[in-house]
Amino acid sequence: MSDRTDTLPLPVQRAPRKRRHPVRTTALIVLLVLVVLAVVALVVGDGIFRGYAEGRIDHSVQQSLPKGVTGTVHSKIEGGSAIQQYLHGSFDDVLLTSNDLKIEGGDASAKIRVHGLPVNGSGTVQHATGSLTISQAALKNLAPLEQAQATAPQLGDGTVATSVQRTVLGVPITVDVTLAPSVQGKYVHLEPTKATLKSGVISVPGTTLIKTLLPNGISVCAAKYLPPTVHLDAIDVRSGSATLNLTADHLDLGGLQQGATGSC
């Protein structure tokens, strides 16, 4: 019988399990919680500051409305962090709206977007665009119509109608005129398109006559009613109202608060 050596398997040595460090785990959790709380605090704080800044803008704009204009203004600071914009010295994008304006007693509404609004309320606005919609009641005291002794304008679809009364050889005559408005530089131009002469029960066409009397139409200086550097780009007349599209570059807030206007 031969000698045989029994071989036994070597014991498997398992790698020792790494023990977790409870201090490190707790510190990580605390750090994550602090980060979340910081983000929440930043968002909430920015929201509170945004609301406060919007309230200040509302008040400032309402205090700067020109004579004869009243109403409430609502602002919305858009873009990134309001706090960060404030620290840069100006708000990048502010939307101003008002739906209850009164202009010379007539209803009006406005929507204006302002870029680069100084946070201290003084200085220069980089750029602004907007629209102003006014009712025909707000146009009843237009100086050119008063000078022509014309009645308050009636706004139609793309038209402005008014009447002028005259006495010729002791006979009272009423001239009903329809005009088409357009923007020509700093002026709103009113071109006569139709006219009727009335005296008592007699009514005759007067389009040819009115075009002869007003070959160049009527021009109203729009710049006299607007702050300097504010330009009237277009006018859209509908039944009972007119919408003015406006733009401005480098608008001086000081002059705006003082009620400064342009000229023709």
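Since this is a predicted model, take the numbers as computed values, not measurements.

Student: Looking at this model, I keep getting lost on the overall build of the protein. Mind explaining?
Tutor: Of regular secondary structure, the protein possesses five helices and 13 strands. By residue count, 28% of the 264 residues in the protein fall in the buried class. Relative to all contacts within the protein whose residues are 6 or more apart in sequence, the contacts with residues 24 or more apart total 49%. Carbon together with sulfur atoms contributes 59% to the accessible area of the protein, which is approximately 17500 Å² in total.

Student: Please explain the pairing of strand 10 (residues 202-205) as it appears in this structure.
Tutor: A regular strand carries its side chains on alternate faces of the sheet. Two elements, strand 9 (residues 187-199) and strand 10, share four bridges in a ladder whose sense is antiparallel. Within the sheet, the bridge partner assigned to Thr196 lies in strand 10 and is Pro205. Counting the residues in the hairpin turn of strand 9 and strand 10 gives two residues, including Gly200, whose phi is positive at 65°.

Student: Looking at this model, I keep getting lost on the state of the cysteines. Mind explaining?
Tutor: Each disulfide consists of one covalent bond between the sulfur atoms belonging to two cysteines. The full count for this structure, using the stated rule, is one disulfide. Note on cysteine connectivity: Cys221 is disulfide-linked to Cys264, with sulfurs 1.9 Å apart. One quick way to see it: the torsion about the S-S bond of Cys221 and Cys264 is about 95°, and its sign makes the bridge right-handed. Of this pair, Cys221 sits in strand 11 (residues 218-221) while Cys264 is found in the segment after helix 5 (253-257), placing the two residues 43 residues apart along the sequence. Given a relative accessible area of 46%, Cys264 falls into the partly exposed group.

Student: When you look at a nonpolar patch on the surface in this model, what are you seeing that I'm missing?
Tutor: Residues Ile83, Tyr86 and Leu87 make up a contiguous nonpolar surface patch of about 300 Å² in total accessible area. Relative to the helices and strands, Leu87 is located in helix 2 (residues 82-88).

Student: Explain unusual backbone geometry to me, please; I cannot follow it from the model alone.
Tutor: The phi torsion of most residues other than glycine is negative, and most of the peptide bonds are trans. In the Ramachandran plot, Glu104 falls in the positive-phi region, its phi being about 50° despite a non-glycine side chain. Mapped onto the elements of the fold, Glu104 is located in the loop between strand 3 (90-103) and strand 4 (106-118). The backbone of His250 shows a phi angle near 55°, a positive value even though the residue is not glycine. Mapped onto the elements of the fold, His250 is located in strand 13 (residues 241-252). On the basis of relative accessible area, His250 is assigned to the exposed category, the value being 58%.

Student: Help me out: how do you make sense of the side chain of Ser75 in this one?
Tutor: Looking at the element boundaries, Ser75 is found in strand 2 (residues 74-78). Looking at Ser75, the relative accessible area reads 9%, which means it is buried. There is a polar contact of 3.0 Å between the side chain of Ser75 and the backbone oxygen of Glu54. Polar contacts involving the side chain of Ser75 include one to the side chain of Asp58, which spans 2.7 Å. Discounting chain neighbours no more than four positions away, the residues touching Ser75 are Glu54, Ile57, Asp58, Val94, Leu95 and Leu96.

Student: Mind showing me how you'd approach the packing of aromatic side chains here?
Tutor: Two aromatic rings, taken as a pair, are described by how far apart their centres are and by the angle between their planes. Counting across every chain of the model gives one aromatic pair. An angle of 75° between the planes, with centres 5.3 Å apart, marks the rings of Phe49 and Tyr86 as edge-to-face. With Phe49 in helix 1 (residues 22-63) and Tyr86 in helix 2, this residue pair connects regions lying 37 residues apart in the sequence.

Student: Explain the environment of Lys186 here, please?
Tutor: Note that Lys186 resides in the loop between strand 8 (171-184) and strand 9. For the pair Lys186 and Ser263, spaced 77 residues apart in sequence, the C-alpha separation works out to 8.2 Å. Discounting chain neighbours no more than four positions away, the residues touching Lys186 are Val220, Cys221, Ala222, Ala223, Ser263 and Cys264. Only 3.2 Å separates the side chain of Lys186 from the backbone oxygen of Ser263, close enough to count as a polar contact.

Quick notes on the rules
Residues numbered from 1 in each chain as written. Predicted model: local features only at pLDDT ≥ 70, side-chain atom pairs only at ≥ 80, totals over all residues. Heavy atoms only, no water. Helix = DSSP H or I, 4+ residues; strand = E, 2+ residues; numbered from the N terminus. Buried < 20%, exposed > 50% of the residue type's maximum accessible area, 1.4 Å probe, protein only. Contact = heavy atoms within 4.5 Å. Areas by Shrake-Rupley, 256 points an atom, 1.4 Å probe, with all protein chains shown as cover. Pairing = 2+ DSSP bridges. Disulfide = S-S within 2.5 Å. Patch = residues over 30% accessible without salt bridge, like charges linked within 9 Å, V, L, I, M, F, W, Y side chains within 5 Å. Salt bridge = Lys/Arg side-chain N within 4 Å of Asp/Glu carboxyl O. Polar contact = N/O pair within 3.5 Å; in protein donor to acceptor, adjacent residues only side chain to side chain. Phe/Tyr/Trp six-rings, centres within 6.5 Å; stacked < 30°, edge-to-face > 60°.

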